[in-house]
Amino acid sequence: MKNHNEVPRREIPFSPPDISDSEINEVVETLRSGWITTGPRTKQLEKELASFCHTGKVVCLNSATAAEELNFRILGIGEGDEVIVPAYTYTASASAILHVGATPIFIDSQQDSVEMDYESMEAAITPRTKAILAVDIGGILCNYGRIYQAVNKKKALYCPGGNLGLGMRIQNALGRVAVCADSAHSLGAVRHGKIAGEIADFTSFSFHAVKNFTTAEGGASTWRKIPGIEDEKIYYQYQLFSLHGQTKDALAKNRAGAWEYDIVGPWYKCNMTDIMAAIGLRQLGRYPGMLARRKEIIHQYDVVCDELGVGHLVHDGQDFSSSGHLYLTRIPGATDEMRREIIDKLARCGISTNVHYKPLPMMSAYRGLGWDIKDFPNAYAYYQNLITLPLHTKLSDEDVEYIMYHFKEIVKPYLYAPPIGKKTG
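Owing to the predicted nature of the structure, the values given are computational and were not obtained by experimental measurement.

**Quick look at the sheet that holds strand E9 (residues 219-223)**
Here is step 1: Strand order in the open sheet formed by 7 strands is E1-E9-E8-E5-E4-E2-E3, with mixed pairing between adjacent strands. Looking along the sheet, the strands with just one partner apiece sit at the ends: strand E1 (58-61) and strand E3 (103-107). Geometrically, the sheet is characterised by an average inter-axis angle of 20° between neighbouring strands, direction not taken into account.
Here is step 2: As paired elements, E1 and E9 share 4 bridges and run antiparallel to each other.

**What about the packing of aromatic side chains?**
Here is step 1: Inspection of every chain in the model, using the stated rule, returns 13 aromatic pairs.
Here is step 2: On the basis of an interplanar angle of 80° and a centroid distance of 5.8 Å, the ring pair of Phe213 and Tyr287 is categorised as edge-to-face. Pair noted here: Phe213 is in the loop between strand E8 (202-206) and E9 and Tyr287 is in helix H10 (residues 274-308), with a separation of 74 residues, a long-range link. Like Tyr287, Phe213 is buried.
Here is step 3: Between Trp223 and Tyr238, the aromatic rings sit 5.1 Å apart at their centres with planes inclined by 20°, giving stacked as the arrangement. With a gap of 15 residues between them, Trp223 in strand E9 and Tyr238 in helix H8 (residues 231-242) connect regions that are remote in the sequence.
Here is step 4: According to the relative accessible area criterion, Trp223 is buried, its value standing at 1%.
Here is step 5: An aromatic cluster is built from Phe52, Phe207, Phe213 and Tyr287, whose rings are joined through pairwise contacts.
Here is step 6: Geometry around Tyr235 places Lys57 over its ring, the cationic atom sitting 4.9 Å from the centre.
Here is step 7: The ring of Tyr382 has Arg330 lying over it, and the distance from NZ or CZ to the ring centre is 4.2 Å.

Definitions and cut-offs
- Residues numbered from 1 in each chain as written.
- Predicted model: local features only at pLDDT ≥ 70, side-chain atom pairs only at ≥ 80, totals over all residues.
- Heavy atoms only, no water.
- Pairing = 2+ DSSP bridges.
- Helix = DSSP H or I, 4+ residues; strand = E, 2+ residues; numbered from the N terminus.
- Axes fitted to C-alpha atoms, helices over the stretch in contact; angles between N-to-C directions.
- Phe/Tyr/Trp six-rings, centres within 6.5 Å; stacked < 30°, edge-to-face > 60°.
- Buried < 20%, exposed > 50% of the residue type's maximum accessible area, 1.4 Å probe, protein only.
- Lys NZ or Arg CZ within 6 Å of the ring centre and 35° of its normal.

Right, here's the structure in full:
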């Protein structure tokens, strides 16, 4: 490696979208087709994603937040209900709960982990609990087996309700607290031989510009088969919720003589467009290669972090494989102030980093609802010395080498007798 002062400066963005000519050409064809809102490409993407996720149906929407909110609405969750959610997550996980009128019940993390404390989660289940929302941070699937164990153990406490006929039927069919997955990070992740989307009762995905798989903005919902309820009925309710309660979408109304429709509820507008779906169709074809490239970069990062004794997420193991969405590092012994200094020094070298996440009880909106970060010591401890490194498929091997060189040089003075090879997460 060159001398520190001889390394040519690079500008490393944190998470740019990986858009190829294939996506661009498909968008151009869509624009020329005369059909740019929800139409044939959106329907095709839904079919291909359902096949990818090993589920019967997928509905594509304009964001993961909308997908998560509609999951709760499909379940009939509303005012007076509670949804258990990790304190260590992005606001969308909790805001969707609030949007439907329910109350989020925050759970602290396990020590030195991004996963919530499953013992505390189980203890928090009450007769008001209607769902547990697990969050797959960094693309690593949660321990859904443990979550199902908890909700089945507490079946006797469960009080089905539902503010919609379908929601009532679903709650009664489940006969327990629903298991929902915020899989915004984890499209393509696997645990115990099952892929994200086929594990939780209901799953939401994000296709935002910074995600592994993007449609610029966008998201999707999918669900496991529910006994006694047809997938088509659930899919149709998503369509109603996402298009103003209108009984026909634009594609159906476009057929000759099919102009008439009804409005069966004063609902929402959060559909995906064919322009967005065009990007997704071409992304999905490239996605296996993109996932493989992320694993290569993670391996290079792991080698250096283990050498330094810097903690990091473990993305692959005997029974799991992540989607490799984020690379979280933790600097042993570093305070929040030291962490900020390291981030600033990396920025001066042209390396953009981030922090995933500032726990929600630290945010003004959630403090205003009565939550206090002092009640979530593990979440705060994980956050205070955390730095997220760039991890995306636009990085070259030279970029990765540049990042790791400067990371080593900058972090070394902050390390206090680190245990070699320590990993967290």
